[in-house]
Amino acid sequence: MMLAAVEHHEPPARRLVDDDLAASFLPARMRWLVAGLRPALLRRWFISAMDRSGTGLWANLTCRKRFIADRLDEAADDVDAVVILGAGLDTLGYRLARRTRIPVFEVDQAVNVARKAATVRRALGAPPLSVRLVALDFERDDLLTTLVEHGYRTAFRTFFVCEGVTQYLTEAAVRRTLEGLRAAAPGSRLVFTYVRRDFIDGTNSYGAPRLSRMVRSKRLWHFGLQPEEVADFLAGYGWRLIEQVGPEQLSQRYVEPAGRDLATSDLEWSAYAEKL
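This structure is a prediction, so every number in the text was calculated from the model and none was measured. (Residues numbered from 1 in each chain as written. Predicted model: local features only at pLDDT ≥ 70, side-chain atom pairs only at ≥ 80, totals over all residues. Heavy atoms only, no water.)

**Some points on the state of the cysteines**
Inference 1: Summed over the entire model, instances satisfying the criterion amount to zero disulfides.
Inference 2: Looking at C63, it has no disulfide partner, and the nearest cysteine sulfur is the one in C162, 19 Å off. (Disulfide = S-S within 2.5 Å.)

So this is what it looks like as structure tokens:
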């Protein structure tokens, strides 16, 4: 969310993602940092410094949000609800609430849900009636049961978002989550990001050796996929892969049209699928 907030300092035509709420959802110290990066030269330095920890990560982390927002805009007339898994401080549901009353379910750990509720009260005064916060432990709780308890209906054609989450879960939790989505109505959509498995196991650093060493030493990330596996992996749970985007697609769709000289990374991809 900090990256999205910094991007908002760019002229509209140069933004990789357009999120006018991002800064207001950040903690105070991060809001101060974002405000300090308003001058273009400081912003360029900061983006370059961030990319030294992993070449292309700035573009990937911002463009994946743009990709998700674009897919949701395309599907908006065909879905009855939005479910954001691992919502954190993401603002997607609140920007969506400005133009539609379809229900949005933000799912995360209880501590993050409490933090989000406090953040929304501070930034917006009161949450939109269409947005519901749902506390859940992906490793232990049943997703569908928990959603239903908060007003979700399996008849809803739903747009599911799972951004920057799968790598933090065990394979069992990822599979349990997809198993829980078997009951999703046909025509539902799913967009999610994943990290390449060979990055997590240390086989390939993809230009981010420091990040690779950190996530392996601290055992931060657990689950990964390879692009050629995604279609079959999703098919096993009743989903049809529509498209995947990696570094080339992100660069062609978003970075180059914005006139930005930024690399993209191959270590994380985004996938978009439809429920059969």
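**Quick look at the pattern of salt bridges**
Inference 1: Following the criterion strictly, the structure yields 25 salt bridges and no others.
Inference 2: The residue D70 makes a salt bridge to R66 at a minimum N-O spacing of 3.8 Å. Here D70 pairs with R66, and both are found in helix α4 (residues 57-75), just four residues apart, close to one helical turn.
Inference 3: Overall, D70 belongs to the partly exposed group, its relative accessible area being 22%.
Inference 4: A salt bridge links R197 to E229, with the shortest nitrogen-to-oxygen separation between them at 2.7 Å. In this pair, R197 is assigned in helix α9 (residues 197-200) and E229 in the loop between α10 (209-217) and α11 (230-235), connecting sequence segments 32 residues apart.
Inference 5: Linked through salt bridges whose partners overlap, the residues forming this network are E7, E10, R14, R43, R44 and R260. (Salt bridge = Lys/Arg side-chain N within 4 Å of Asp/Glu carboxyl O. Helix = DSSP H or I, 4+ residues; strand = E, 2+ residues; numbered from the N terminus. Buried < 20%, exposed > 50% of the residue type's maximum accessible area, 1.4 Å probe, protein only.)

**Notes on α4**
Inference 1: Helix length check: α4 (19 residues) gives 27 Å between terminal C-alpha atoms against 27 Å at 1.5 Å per residue, within 8%.
Inference 2: Taking burial as the measure, the 19 residues of α4 include 14 buried ones, the bulk of the element. (Expected span 1.5 Å × (residues − 1).)

**Some remarks on empty space enclosed by the protein**
Inference 1: Scanning the entire structure with this criterion turns up two cavities of 30 Å³ or more.
Inference 2: Approximately 140 Å³ is the volume attributed to the largest cavity.
Inference 3: What lines the largest cavity is a set of 16 residues, and nearest its centre among them are C162, T166, V174, T177 and L178.
Inference 4: At the level of elements, α8 (171-180), β5 (189-195) and α11 are the ones that each hand at least two residues to the lining of the largest cavity.
Inference 5: Among the elements that line the lining of the largest cavity, the one with the most residues is α8, at three residues.
Inference 6: Its residues placed into classes, the lining of the largest cavity shows 14 nonpolar, two polar and no charged.
Inference 7: Space inside the second largest cavity adds up to approximately 40 Å³.
Inference 8: Along its surface, the second largest cavity is lined by A87, G88, E106, D108, N112, V113, K116 and L133. (1 Å grid on protein atoms, 1.4 Å probe; cavity = no way out; pocket = protein on both sides within 12 Å on 5 of 7 lines; lining within 4 Å. Points joined across faces, edges and corners; volume = space filled by probe spheres on them. Nonpolar A, V, L, I, M, F, W, Y, C, P; charged D, E, K, R; others polar.)

**Some remarks on the side chain of H9**
Inference 1: Mapping H9 onto the fold places it in the loop between α1 (2-7) and α2 (28-36).
Inference 2: Look at H9 and you get buried, because its relative accessible area is 18%.

**Focus on the environment of G187**
Inference 1: Topologically, G187 is positioned in the loop between α8 and β5.
Inference 2: C-alpha of G187 to C-alpha of T55: the two residues are 132 residues apart in sequence and 36 Å apart in space.
Inference 3: Ignoring sequence-local partners within four residues, the contact set of G187 consists of E274 and K275. (Contact = heavy atoms within 4.5 Å.)

**Let's talk about a nonpolar patch on the surface**
Inference 1: Together, Y168, M214 and L220 make up a nonpolar patch on the protein surface, roughly 260 Å² of accessible area in all.
Inference 2: Within the secondary structure layout, L220 lies in the loop between α10 and α11. (Patch = residues over 30% accessible without salt bridge, like charges linked within 9 Å, V, L, I, M, F, W, Y side chains within 5 Å. Areas by Shrake-Rupley, 256 points an atom, 1.4 Å probe, with all protein chains shown as cover.)

**Let's talk about unusual backbone geometry**
Inference 1: The backbone phi angle of Y206 is positive, close to 50°, even though this residue is not glycine.
Inference 2: Mapped onto the secondary structure, Y206 falls in the loop between α9 and α10.
Inference 3: A relative accessible area of 15% places Y206 in the buried class.
Inference 4: Phi is positive for R219, which is not a glycine, with a value near 50°.

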